[in-house]
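Each chain, letter by letter, is given below.
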Amino acid sequence: MTESLMNAADRWRPLTELLCALLERVTGELPGCLGAALTVGRCDRPARVLAAVGAAEVLAPAQLAHGGPVAIAAATGDAVTTDDLFGDPRWPGLTRDGVFAAAPEAAERYAGVRGAVALPGPWDDTGAFVLSATLDRPPGTETLAVLRRFAKLTEVTLVVAEAAIAGDPDQTLDLLASRAAIEQAKGAIMAVRRCSPDEAWQTLRRASQEFNVKVRELAVALVEHLGGRPLPWVEGSREIRPGPAAHDAAERLWSAFTSLSP
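Residues numbered from 1 in each chain as written. Predicted model: local features only at pLDDT ≥ 70, side-chain atom pairs only at ≥ 80, totals over all residues. Heavy atoms only, no water.

Quick one: what's the story with the overall build of the protein, residue by residue and with numbers?
A tally of regular secondary structure across the protein gives 11 helices and 5 strands. Per-residue burial over the protein gives 49% buried out of 262 residues. Once local pairs closer than 6 in sequence are excluded, the contacts in the protein between residues at least 24 apart make up 63%. Total accessible area on the protein is roughly 12,500 Å²; 53% of this is exposed by carbon and sulfur atoms. (Helix = DSSP H or I, 4+ residues; strand = E, 2+ residues; numbered from the N terminus. Buried < 20%, exposed > 50% of the residue type's maximum accessible area, 1.4 Å probe, protein only. Contact = heavy atoms within 4.5 Å. Areas by Shrake-Rupley, 256 points an atom, 1.4 Å probe, with all protein chains shown as cover.)

Following this line, the structure appears as structure tokens:
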């Protein structure tokens, strides 16, 4: 449904304003931030910039085209940082001259671009977003922490916006309910593996691919396995009932975690 959301952002001004306001808050809380962007995509479709402010209006699309933190984060699901956006050997195709060739006025305005950071996050079973920022300095230890605080708000905003665009109130409840199960599963993985939320999400997503089950069904099965009973659901939402494959995957996953725990 990414295309529907992209089309809505193009024509639905309130959504665009909401997303840009969120990005402006990100820039306001990051010292030396020159711009921020929100990129969305699905496993079967290329990532696209949904909203951007400041230098990111130019740099986010350029990274998707020529490489950079945004492109790598979208492709791998891992957070990416760099102290030198235009000098990092990981993406030789991204150069200052190439990016600003068609926009010399932007080159002068953003001559101080140095560091950049991109934080991916889950949207639903097959969709993900990347929250990114461009800085006039190398990113500090607090940079990713700030983006993580805004990642949850970004996720909820996208879920609700897409459901609203679809015109189906029940879908909003379904999506939020499945997100709650995924958060519980992530919390359990974080506790047993002592890892970050990003690592927990990647673990869950990789396991769903390995066992060929949907992320939300694996998450529910894992929570039910730990709780020893079916997961309660919000009244009015459609229950997610994991099948035998999801339950088997959850049991095997948790067994692997606990056998590796110190």
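Residues and numbers for helix α9 (residues 197-211), please.
For α9, built from 15 residues, the straight-helix expectation of 21 Å at 1.5 Å per residue is met to within 8% by its first-to-last C-alpha distance of 21 Å. Turning to α9, its buried residues are D198, A200, W201, Q202, T203, L204, A207, S208 and F211. Downstream of α9 by one or two residues, N212 has phi in the positive range, about 60 degrees. (Expected span 1.5 Å × (residues − 1).)

Any chance you could break down the packing of α9 against helix α10 (residues 215-227) for me, citing the residues and the numbers?
At their nearest, the axes of α9 and α10 sit 9 Å apart, and the two run at 110 degrees to each other. The pairing of α9 with α10 is recorded here as roughly perpendicular in orientation. Note on element contacts: α10 touches α9 through V215, L218 and A219, opposite W201, L204, R205, A207 and S208. Of the residues that constitute the contact of α9 with α10, the class distribution is 6 nonpolar, 1 polar and 1 charged. (Axes fitted to C-alpha atoms, helices over the stretch in contact; angles between N-to-C directions. Parallel < 35°, antiparallel > 145°, perpendicular 65-115°, else oblique. Nonpolar A, V, L, I, M, F, W, Y, C, P; charged D, E, K, R; others polar.)

A description of the sheet that holds strand β1 (residues 33-42) should follow, citing residues and the corresponding values.
If you trace the 5 strands from one edge of the open sheet to the other, you get β2-β1-β5-β4-β3, paired in antiparallel fashion. Each end of this open sheet is capped by a strand with a single partner; those strands are β2 (45-54) and β3 (80-82). Neighbour to neighbour, the strand axes of the sheet diverge by 15 degrees on average, direction disregarded. Across 9 bridges, β1 lies against strand β5 (residues 127-135) in antiparallel orientation. In the strand pairing of β5, L38 is matched with L131. Strands in contact with helix α4 (residues 69-76) are β1, β2, β3, β4 (116-122) and β5; relative to β4, the strand with the most contacts, it is inclined by about 25 degrees. (Pairing = 2+ DSSP bridges.)

Residues and numbers for the pairing of β5, please.
In terms of residue burial, β5 counts as a mostly covered element, since 8 of its 9 residues are buried. Two elements, β4 and β5, share 7 bridges in a ladder whose sense is antiparallel. Directly across from A118, in β5, lies its bridge partner S132.

Explain the side chain of D88 to me, using residue names and the numbers behind them.
Tracing the backbone shows D88 in the loop between β3 and α5 (96-100). Here T82 takes part through its side chain, which lies 2.8 Å from a polar atom of the side chain of D88. (Polar contact = N/O pair within 3.5 Å; in protein donor to acceptor, adjacent residues only side chain to side chain.)

Lay out the packing of aromatic side chains in plain terms, naming residues and giving numbers.
This structure, assessed with the given rule, holds 1 aromatic pair. Taken together, a centroid distance of 6.2 Å and an interplanar angle of 65 degrees make the contact between F86 and F100 edge-to-face. Linking F86 in the loop between β3 and α5 with F100 in helix α5, this pair joins segments that are 14 residues apart in sequence. Summarising the burial analysis for this pair, F86 and F100 share the class buried. (Phe/Tyr/Trp six-rings, centres within 6.5 Å; stacked < 30°, edge-to-face > 60°.)

A description of the pattern of salt bridges should follow, citing residues and the corresponding values.
Overall, the coordinates contain 4 salt bridges when judged by the stated rule. Residue D88 is joined to R90 by a salt bridge in which the shortest nitrogen-to-oxygen separation is 2.8 Å. D88 sits in the buried class, given a relative accessible area of 12%. Looking at R90, the relative accessible area reads 47%, which means it is partly exposed. A salt bridge links R137 to D136; the nearest nitrogen and oxygen atoms lie 2.8 Å apart. Since its relative accessible area comes to 31%, D136 is described here as partly exposed. (Salt bridge = Lys/Arg side-chain N within 4 Å of Asp/Glu carboxyl O.)

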